[in-house]
Structures are given as C-alpha cells and as structure tokens.
Amino acid sequence: AQVCLDPTLLVERADWESLMREENAEPYVLAFLLKYDEVLVAKAREEAEKRGAQLRVITAAFVPQLGMSAWNTTGVTDWLCAIRNAQCVFTNSFHGMVFSMIFARSFHIQRLTGELSSRNGRLEEVLSFLELSDALEGIAEPDYERIWKLLEPRRTSSLDYLRRIISHDAAI
C-alpha cells in the first residue's frame, strides 16, 4: 500500500507563510501541548530560563497546574505564527513537530502517554526516516537542508500518488 506524507508536509513553507502576519515579539520558547505533560512543561520552562526568554504555552485545555496563563483559543494563523517565531518549540503534538520543521525551528518532542499513546506512531515514523530520533531525548537542531533532501522523494511520491487518484476518480 502507498503511504503518503501528512498533507501539511505537501505544502511549501512559503504557502504557509502567506497565511501569516509579521510579529515583533520578545524572544520566547513555545510549549504546545496536545495533552498536559508536567515534564515537558518543566523542560520548556528550563530552556526559556536558559535563553533568557519568555515561556508561551498553547494548550487545548484549562491547566491550572501551569501556574501561568496559556492560550487555549488560538486560531490557525496565530498558532502558525507562534511556532514560526519561537526560538524553540516543546511539544507532544505531531503537527507541532511538523510545523517546527516546516519553519526550521529547534524543537523537542515528547511522546503522548495513556489513552493518546496510539498517536505516537506517525511522529516516530517521521523522526526515524528523517534521522531525528534525538528530538525525543533533547532539543533537535536539525540541518534543515538535509531534512528537505530526505523529505523531497517522499513529497514527490505522495503528490504523484494523489494526482493519480484524483485523475482516476475524475475519469470515472
């Protein structure tokens, strides 16, 4: 069976950036939490302190354990800007990881646990074929030129596959 890349990786960075606005913010480290993770927040807080930067947190749920405010009603454009403009991204989200790569940010990914652990497969697969498994241990500062070279054959294959499906369906 043909395996396609996630659609977010099929769109060029410039196309994503065309959706965004410019932002002149103080330096910050971003924690994007699909699910609250105390260890991940602690790592992000430590990195922000080390860099002399703010810590910004985006999460889908109210998390009083943070001891700080977090964005929980962020729209797509603001979310993309937050990742693009961060010095470093800490996340347990596949798409948080993917957009960190699209915008060439250093990042740390933490596996999801509990009922959401079944979602880890695709992030582990992407990290493996891009030789970025170290992002699970510490902060990845990838050579993005090499990453794009590794991604390109899969992008081409995925786009070709989707074009064949679309043209086949259109012929029916």
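Throughout what follows, the structure given in this document is the object of discussion. (Residues numbered from 1 in each chain as written. Predicted model: local features only at pLDDT ≥ 70, side-chain atom pairs only at ≥ 80, totals over all residues. Heavy atoms only, no water.)

## What about the packing of aromatic side chains?
Then, number 1: All chains considered together, the criterion is met by five aromatic pairs.
Then, number 2: Here W16 and F99 contribute two aromatic rings whose centre-to-centre distance is 4.9 Å and whose plane-to-plane angle is 85°, an arrangement assigned as edge-to-face. Separated by 83 residues along the polypeptide, W16 in helix α1 (residues 13–17) and F99 in helix α4 (residues 94–102) bring together distant segments of the chain. Pair check on accessibility: W16 and F99 agree, each one buried.
Then, number 3: Taken together, W16, F32, W79, F99 and F103 form an aromatic cluster joined through their ring pairs.
Then, number 4: Above the plane of the ring of Y28 lies R56, whose end atom (NZ or CZ) is 4.0 Å from the centre. (Phe/Tyr/Trp six-rings, centres within 6.5 Å; stacked < 30°, edge-to-face > 60°. Helix = DSSP H or I, 4+ residues; strand = E, 2+ residues; numbered from the N terminus. Buried < 20%, exposed > 50% of the residue type's maximum accessible area, 1.4 Å probe, protein only. Lys NZ or Arg CZ within 6 Å of the ring centre and 35° of its normal.)

## Remarks on the sheet that holds strand β3 (residues 88–91)
Then, number 1: With parallel pairing, four strands are arranged side by side in an open sheet as β2-β1-β3-β4. Whereas interior strands pair on both sides, the edge strands pair on one side only; in this sheet they are β2 (54–59) and β4 (106–109). Pairwise comparison of adjacent strand axes, ignoring direction, gives a mean angle of 15° for this sheet.
Then, number 2: Pairing analysis gives six bridges linking strand β1 (residues 28–33) to β2, with the strands arranged parallel. Paired with Y28 across the strands is Q54, a residue of β2.
Then, number 3: Contacts between helix α2 (residues 38–51) and the sheet are confined to β1, β2, β3 and β4, with β1 contributing the most and set at about 170° to the helix. (Pairing = 2+ DSSP bridges. Axes fitted to C-alpha atoms, helices over the stretch in contact; angles between N-to-C directions. Contact = heavy atoms within 4.5 Å.)

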